[in-house]
Amino acid sequence: MLNKIKCIFADEGIDQTGVISAESFEIINPHLLPAGMRINSCIVFLVPYKTKDKNTDSFGVADFARSMDYHAFFHELYLRIIPKLNDAFCGEYFFGFCDHSPINEKLAAARAGLGIIGRNSLLINQLYGSYVFIGSLLTTLSLPVTETEIKPCTDCRICELNCPADAISVKGIIKEKCLSYISQKKVKTKEEFLLLKSGNIAWGCDICQNVCPLNKGKKLSGLDYFSICRLNSISEELIASLSDEQFSKYAFSWRGKNALLENLRNLKNGL
């Protein structure tokens, strides 16, 4: 059964999959659980997004935000694979999630053997590093599991020492200090704008990922979705020129255009 599922994912260019039992995942949003269904297994998988494309601007915009919105990728993926799974396993049900999920997907991925947990709180996969999105499929199907003990990283502290906002500690990320979190706030204080400028951050932050030794020499994504329409050269003028429809195709659109434009102006001229 598991081999058949892996083949369905492999046809989509996804080669990192695992399975945990319903007893092993942590429920964080119980209201999102499929009503009236007995969930027996969770299929966890990783979607790598780091491409060979090079950034040619000087603004700190995280790689995940330069490609088209990954939520749309997962939506389209589930429209393709769930019917295939339904056909392969008649009478069983599959429910797909990404980010907005009933379960803690990061812990589920680590439990399924897909990576370790970094001090920066990110999942680090052996093949793709931490440049991955996590997806999960809850299913009524009982599957053989790939469960393993959740392991931490090597604890070299390089991410902690390189974080300009001191947002990484032995207990993980201090969200309120994280530059990625601050960059995505709709309303920011003068001090927060200064913090973003100190790290040259316009949207999201890859500093802790880029310095992580476990991310060196990792395989790049082979998924065309993350290269098509990728914003390799971002500017205030470019973002301002995007139509509402074009802007909506990127993950930063959820905060509206002004939030990103303010960040870009802060880096360019100061506020």
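Note that the structure is a prediction, hence the values are computed from the model and not measured. (Residues numbered from 1 in each chain as written. Predicted model: local features only at pLDDT ≥ 70, side-chain atom pairs only at ≥ 80, totals over all residues. Heavy atoms only, no water.)

## Side note on the pattern of salt bridges
What counts is decided by this rule: The rule for a salt bridge is simple: a side-chain nitrogen of Lys or Arg has to be within 4 Å of a carboxyl oxygen of Asp or Glu. Under the DSSP-based scheme used, a helix requires at least four consecutive residues in state H or I and a strand at least two consecutive residues in state E, with every element numbered from the N terminus. For every residue, the accessible area (1.4 Å probe, protein chains only) is compared with the maximum for its type, and the residue is labelled buried under 20%, exposed over 50%, or partly exposed between those bounds.
One pass over the full model with this rule turns up 11 salt bridges. Between arginine 80 and glutamate 12 there is a salt bridge, with its nearest N and O atoms 2.9 Å apart. Placement of the pair is arginine 80 in helix H3 (residues 70-88) and glutamate 12 in the loop between helix H1 (2-10) and strand E1 (17-21), with a sequence separation of 68 residues. Classification of glutamate 12 by relative accessible area gives buried; the value is 15%. With a closest N to O distance of 2.8 Å, aspartate 63 and arginine 230 form a salt bridge. Within this pair, whereas aspartate 63 is found in helix H2 (residues 63-66), its partner arginine 230 is found in the loop between helix H8 (207-211) and helix H9 (236-241), the two being separated by 167 residues in sequence. Each member of the pair aspartate 63 and arginine 230 is classed as buried.

## Structural notes on H1
As a reminder of what qualifies: Note that the arc is defined by the directions from the helix axis to the C-beta atoms. Should any heavy atoms of two residues lie within 4.5 Å, those residues are counted as being in contact.
Along H1, the residues classified as buried are Leu2, Ile5, Ile8 and Phe9. The arc that holds every buried residue of H1, seen down its axis, measures 120°, which confines them to one face. Turning to H1, the residues buried within the fold contact E1, strand E2 (41-48), H3 and strand E7 (132-139).

## With respect to the side chain of glutamate 192
Cut-off, in case you're wondering: Each polar contact in these results corresponds to two N or O atoms within 3.5 Å; when the atoms are within protein, one needs to be able to donate a hydrogen and the other to accept it, and residues that are neighboring in sequence are counted only if both atoms are side-chain atoms.
Counting through the fold element by element, glutamate 192 comes out in helix H7 (residues 190-198). Here the side chain of glutamate 192 touches lysine 185 through a polar contact of 2.7 Å, side chain to side chain. Look past the residues within four positions of glutamate 192 in its chain and what remains in contact with it is Ile182, Lys185 and Val187.

## Description of the sheet that holds E1
Note the cut-off: A pair of strands is treated as paired once DSSP finds two or more bridges between them. Only the stretch in contact is used when a helix axis is fitted, and all axes are lines through C-alpha atoms; the angle between N-to-C directions ranges over 0 to 180 degrees.
Pairing is antiparallel across the open sheet formed by 4 strands, whose spatial order is E1-E2-E7-E4. Of all strands in the sheet, those bounded by a partner on one side alone are E1 and strand E4 (94-97). Along the sheet, successive strands turn relative to each other by an average axial angle of 25°, direction set aside. In this sheet, E7 lies alongside E2 in antiparallel orientation, the contact comprising 8 bridges. Residue pairing across strands places cysteine 42 opposite leucine 138, the latter belonging to E7. Of the strands in this sheet, E2, E4 and E7 touch H3, which is tilted by about 35° from E7.

## Some remarks on unusual backbone geometry
Phi is positive for serine 121, which is not a glycine, with a value near 80°. Looking at where serine 121 falls in the secondary structure, it is placed in the loop between strand E5 (116-117) and strand E6 (123-124). Serine 121 sits in the partly exposed class, given a relative accessible area of 22%. The phi torsion at arginine 157 lies on the positive side, around 70°, for a residue other than glycine. Judged by its relative accessible area of 37%, arginine 157 is partly exposed.

## A look at the environment of leucine 238
Note that leucine 238 resides in helix H9. In the structure, leucine 238 is positioned 133 residues away from glutamate 105 in sequence and 34 Å away in space, judged by C-alpha atoms. What leucine 238 contacts, discounting residues up to four positions off in sequence, is Leu231 and Ser233.

## Brief notes about the packing of H1 against H3
Filter applied, for reference: What sets the label is the angle itself: under 35 degrees gives roughly parallel, over 145 gives roughly antiparallel, 65 to 115 gives roughly perpendicular, and the rest give oblique. By the definition used in this description, the sense in which the near helix is turned from the far one sets the handedness, with an anticlockwise turn below a right angle giving left-handed and a clockwise turn giving right-handed. Each residue gets one label: Ala, Val, Leu, Ile, Met, Phe, Trp, Tyr, Cys and Pro are nonpolar, Asp, Glu, Lys and Arg are charged, and the others, such as Gly, are polar.
Relative to each other, H1 and H3 sit at 155°, their axes nearing to 11 Å. With respect to H3, the element H1 is oriented roughly antiparallel. For the pair H1 and H3, the crossing hand works out as right-handed. Residues Lys4, Ile5, Ile8 and Phe9 of H1 lie in contact with H3, whose contacting residues are Ile81, Lys84, Leu85 and Ala88. Among the residues making up the contact of H1 with H3, the classes are represented as 6 nonpolar, no polar and 2 charged.

## Digging into the nonpolar core
Stated formally: Side-chain atoms within 4.5 Å are what join buried Ala, Val, Leu, Ile, Met, Phe, Trp, Tyr and Cys residues into a set we call a nonpolar core.
Residues Val47, Phe64, Phe74, Leu137, Phe226, Ile239 and Phe252 are the most contacted members of the largest nonpolar core, which totals 50 residues. Elements with a contribution of two residues or more to this core: H1, E2, H2, H3, E7, strand E10 (201-203) and helix H11 (257-268). No other element matches H3, which puts 8 residues into this core. Grouped together as the second largest cluster of nonpolar side chains are 20 residues, Ile39, Ile117, Leu123 and Val132 included.

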